[in-house]
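Single-letter residue listing:
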Amino acid sequence: MQTMRTSEAMKTETEPVVTGQLAAVTAPESAAECFRISDMNFYYGTHKALENVQMVIKEHSITACIGPSGCGKSTFLRSLNRMNDTIDGTRVEGTLLYRGQNIYEDCDVLDLRKNVGMVFQKPNPFPMSIYDNIAYGPRLHGKVSKSRLDEIVEQCLRDAALWDEVKDRLHKSALGLSGGQQQRLCIARTLAVEPDVILMDEPTSALDPVSTSHIEDLCFQLKDRLTIVIVTHNMQQASRISDTTAFFMVNDERCGYLVEYGDTEQVFYKPRNPKTEAYISGRFG
């Protein structure tokens, strides 16, 4: 992955045009573009929270967003499936393309969020059984037979490395699971609607090392099928699991901006910007 390019250079490339509903998800043979973000500014009311973000995220990759608190990492992440729409007064400028379609123009938001799922910092299982947590999405998106639901529940729990731990208590409350199990259940619930992308906002910050290792292993397994974008404050985690890394900072006006973006090995071991090297080495942040 090359480092951040200028908007002029990005605009010279041919961009596919898709209108109406989101295009059907297909797994490409090679690493194609999943997201293309150009000239992005984000506002909470009159406050500019992000400025001039330029980024191309490839399919079937793990992208880590790092940086000090308040630099806009989570705001950027939530912009990729328009979760920020739930906050009054937010506004986006620029272009955010998902598979060639501008998600802030001609796009069905429910369709977008089905394809671009999200896992939050704090596990948030529904107050219902483990089985019903997984079955909730498929039921919501269409009639599914009981036998098919059984298959989906088992497969998603297997994908989340949770099946062997819960197979004998599927109809017990999900709230009885440990924190790490609940987070893997939330990932399984997200997988049940067959997303193309999973956004993760500090998914292991509240977990113990063993549970964190389970989530990281799961990310490795899932990237063969999905694109993952993860916000993390854990530098070791970012260097371990990601293919590309985006480093954000905040300026004197408390506005976040993208300092450097590239292959994780390059960003961590041969950063092009002195601010990146200073943050990764722990000299600030």
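This text goes with the structure placed above it.
Thresholds applied
- Residues numbered from 1 in each chain as written.
- Predicted model: local features only at pLDDT ≥ 70, side-chain atom pairs only at ≥ 80, totals over all residues.
- Heavy atoms only, no water.
- Buried < 20%, exposed > 50% of the residue type's maximum accessible area, 1.4 Å probe, protein only.
- Helix = DSSP H or I, 4+ residues; strand = E, 2+ residues; numbered from the N terminus.
- Pairing = 2+ DSSP bridges.
- Core = buried A, V, L, I, M, F, W, Y, C linked by side-chain atoms within 4.5 Å.
- Phe/Tyr/Trp six-rings, centres within 6.5 Å; stacked < 30°, edge-to-face > 60°.
- Lys NZ or Arg CZ within 6 Å of the ring centre and 35° of its normal.

A. Structural detail: the pairing of strand S7 (residues 197–201). Within S7, five of the five residues are buried, leaving the element largely enclosed by the surrounding structure. Side chains Val-197, Leu-199 and Asp-201 of S7 all project onto a buried face; the interleaved residues Ile-198 and Met-200 project onto the opposite face, where all are buried too. Where strand S6 (residues 116–119) and S7 come together, four bridges link them in parallel fashion. Note on S7: the bridge partner recorded for Val-119 is Met-200. The pairing of S7 with strand S8 (residues 227–231) spans five bridges and is classified as parallel.

B. Here's a closer look at the sheet that holds strand S3 (residues 62–66). Taking strand neighbours across the sheet as the criterion, the ten strands line up as S5-S4-S1-S2-S10-S9-S3-S8-S7-S6 in an open arrangement whose pairing is mixed. With one partner strand each, in any of the chains shown, strand S5 (101–102) and S6 form the two edges of the open sheet. Pairing between strand S9 (residues 244–250) and strand S10 (residues 256–263): seven bridges, direction antiparallel. Its bridge partner lying in S10, Phe-247 is registered against Glu-260.

C. Quick peek at the nonpolar core. Among the nonpolar cores identified, the biggest contains 44 residues, and Ile-130, Ile-134, Leu-157, Leu-185, Ile-187, Met-200 and Leu-222 are the most heavily contacted of them. Of the residues forming this core, the biggest block, five residues, is contributed by helix H5 (residues 146–159).

D. Inspection of the packing of aromatic side chains at higher detail. Within this structure, the stated rule accounts for five aromatic pairs. With centroids separated by 5.0 Å and ring planes inclined at 65°, the aromatic side chains of Phe-126 and Tyr-136 adopt a geometry described as edge-to-face. Here the residue Phe-126 occupies a position in the loop between S6 and helix H4 (130–140), and Tyr-136 occupies one in helix H4, the gap between them amounting to ten residues. Residue Phe-126 is classed as partly exposed on the basis of its relative accessible area of 27%. Note on Tyr-136: relative accessible area 39%, which makes it partly exposed. Note on Phe-247 and Tyr-279: the rings are 5.0 Å apart at their centroids and 25° apart in plane angle, and the pair reads as stacked. Note that Phe-247 is positioned in strand S9 and Tyr-279 in helix H11 (residues 274–280), a separation of 32 residues in sequence. A relative accessible area of 7% means that Tyr-279 is categorised as buried. Directly above the ring of Tyr-43 sits Arg-91, whose terminal nitrogen or CZ lies 4.0 Å from the centroid.

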